Amino acid sequence: MNAHLILIFFSLSSLLQDGLTELVFTGPEGGSITVSCSFNFPGWKRRFCRKSCEDGDVLIETDSVTAQRDRYSIRYEEGMYPAFPTFVHVTIKQLRKSDSGLYTCGLKRFLGRDADERVEIIVTDASPSSTPNRSVEPSPTSLPAATATAPSSSSPETSEESSATSSSPGTSEESSAPQTTALLLNVSFIIIIVITLTVTVMAFCRVRTSKHTG
């Protein structure tokens, strides 16, 4: 009986604490970013809001697995508590400086408490583009064969800039970090539950044994 009560207590605690974390995501201006919000329990409707959903500034809301509205798209990944968390992935395209700020991922449920997770998006400056090539007009005294042009796009400077741009980490790597953290937290939570239940059962058996021997 005590073991069942402890399990129910931990489940209710997880439900009340669902979506209380706050994550930070960064993306370049003009690019795209994917925000991943994790929850312990699934829900029937998912939404993404600017600041708080209670203020009515809902950017996208759906009861489907995937949906798109303007620059925003949403994808729902339902998990199974306590082994796998539930994820709401939101992608924003053509990022603007004004997109920086606080947002809310929300899950509405038929039973139990609705869950919200606060996230912060930081839009960084766009990477500098390469300087456009300009042709040099030949002087009147120069021969046609001596026409000079500026370095083409295959110049070392341009190639170095392109290689630096390609080697910069993408937003998918940044968004995968919160998923890994959420999975580790859930695994740790499962281990704590198992240890607690084991200690409780051993203590209960020891009490019963001492009563019989007495």
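It should be emphasised that the depicted structure is a prediction, and the values quoted were computed from it without experimental measurement.

The rules behind these values
- Residues numbered from 1 in each chain as written.
- Predicted model: local features only at pLDDT ≥ 70, side-chain atom pairs only at ≥ 80, totals over all residues.
- Heavy atoms only, no water.
- Helix = DSSP H or I, 4+ residues; strand = E, 2+ residues; numbered from the N terminus.
- Areas by Shrake-Rupley, 256 points an atom, 1.4 Å probe, with all protein chains shown as cover.
- Disulfide = S-S within 2.5 Å.
- Buried < 20%, exposed > 50% of the residue type's maximum accessible area, 1.4 Å probe, protein only.
- Patch = residues over 30% accessible without salt bridge, like charges linked within 9 Å, V, L, I, M, F, W, Y side chains within 5 Å.
- Salt bridge = Lys/Arg side-chain N within 4 Å of Asp/Glu carboxyl O.
- Lys, Arg positive; Asp, Glu negative; His and termini not counted.
- Charge placed at Lys NZ, Arg CZ, Asp CG, Glu CD.
- Pairing = 2+ DSSP bridges.
- Axes fitted to C-alpha atoms, helices over the stretch in contact; angles between N-to-C directions.
- Core = buried A, V, L, I, M, F, W, Y, C linked by side-chain atoms within 4.5 Å.
- Phe/Tyr/Trp six-rings, centres within 6.5 Å; stacked < 30°, edge-to-face > 60°.
- Lys NZ or Arg CZ within 6 Å of the ring centre and 35° of its normal.

## A few points about the overall build of the protein
Scanning the protein from terminus to terminus reveals three helices and nine strands. In sequence order, the protein lays out its α and β elements as α-β-β-β-β-β-β-β-β-β-α-α. Accessible surface, the protein as shown: approximately 13800 Å² in total, 59% of it carbon and sulfur.

## Side note on the state of the cysteines
Under the counting rule described, the total for this entry stands at two disulfides. The partner cysteine of Cys37 in its disulfide is Cys105, sulfur to sulfur 2.0 Å. Note on the Cys37 and Cys105 pair: the S-S dihedral is about 45°, so by sign convention the disulfide is right-handed. In this pair, Cys37 sits in strand β2 (residues 33-39) while Cys105 sits in strand β8 (residues 101-108), placing the two residues 68 residues apart along the sequence. Owing to a relative accessible area of 0%, Cys37 belongs among the buried residues under this scheme. Look at Cys105 and you get buried, because its relative accessible area is 0%.

## A short note on a negative patch on the surface
On the surface, Glu54, Asp55, Asp57 and Asp114 cluster together into a patch of negative charge. Tracing the backbone through its elements, the reader meets Asp55 in the loop between β3 (45-50) and β4 (58-62). Judged by its relative accessible area of 59%, Asp55 is exposed.

## Some remarks on the sheet that holds β3
Spatial ordering of the open sheet is given by β1-β9-β8-β3-β4, a layout of five strands whose pairing is mixed. Unpaired on one side and paired on the other, β1 (22-28) and β4 mark the two borders of the sheet. Each strand of the sheet is rotated relative to its neighbour by a mean of 20°, with strand direction disregarded. Two strands pair when backbone bridges link them, and β3 and β4 are joined in this way by four bridges, in the antiparallel orientation. The residue bridging Phe48 from the neighbouring strand is Ile60, located in β4.

## Digging into the nonpolar core
Ranked by internal contacts, the top residues of the largest apolar core, which has 23 residues, are Val35, Phe39, Phe48, Val88, Ile92, Val119 and Ile121. Put simply, the parts of the chain that give this core at least two residues each are β1, β2, β4, β6 (72-77), β7 (86-92), β8 and β9 (115-124).

## Some words on the sheet that holds β2
Ordered by their spatial adjacency, four strands build an open sheet running β2-β7-β6-β5, and the pairing between neighbours is antiparallel. Taken across any chain shown, the strands that pair with only one partner, and hence form the sheet edges, are β2 and β5 (66-69). Between one strand axis and the next, the sheet turns through 15° on average, direction left out of account. By the bridge criterion, four bridges tie β5 to β6 in an arrangement that is antiparallel. Each residue of the ladder has a partner; that of Thr66, found in β6, is Arg75.

## Notes on the packing of aromatic side chains
Going through the model one piece at a time under the given rule, you end up with three aromatic pairs. Ring centres 4.4 Å apart and planes at 35° place the aromatic pair Phe41 and Tyr81 in the tilted group. Here the residue Phe41 occupies a position in the loop between β2 and β3, and Tyr81 occupies one in the loop between β6 and β7, the gap between them amounting to 40 residues. Look at Phe41 and you get buried, because its relative accessible area is 18%. Ring geometry for Phe48 versus Tyr103: centroids 5.2 Å apart, planes at 5°, classification stacked. Of this pair, Phe48 sits in strand β3 while Tyr103 sits in strand β8, and the two are 55 residues apart along the sequence. Tyr103 shares its class with Phe48; the two are buried. The ring centre of Tyr76 lies 3.7 Å from the NZ or CZ of Arg46, which sits over that ring.

## Some remarks on unusual backbone geometry
Outside of glycine, negative phi angles account for most residues, and trans bonds account for most peptide bonds. Across the junction of Tyr81 and Pro82, the peptide omega takes the value 0°, indicating a cis bond. Turning to its location among the elements, Pro82 is positioned in the loop between β6 and β7. The phi dihedral of Lys51 is positive, around 60°, even though this residue is not glycine. Owing to a relative accessible area of 55%, Lys51 belongs among the exposed residues under this scheme. Phi is positive for Asp70, which is not a glycine, with a value near 55°.

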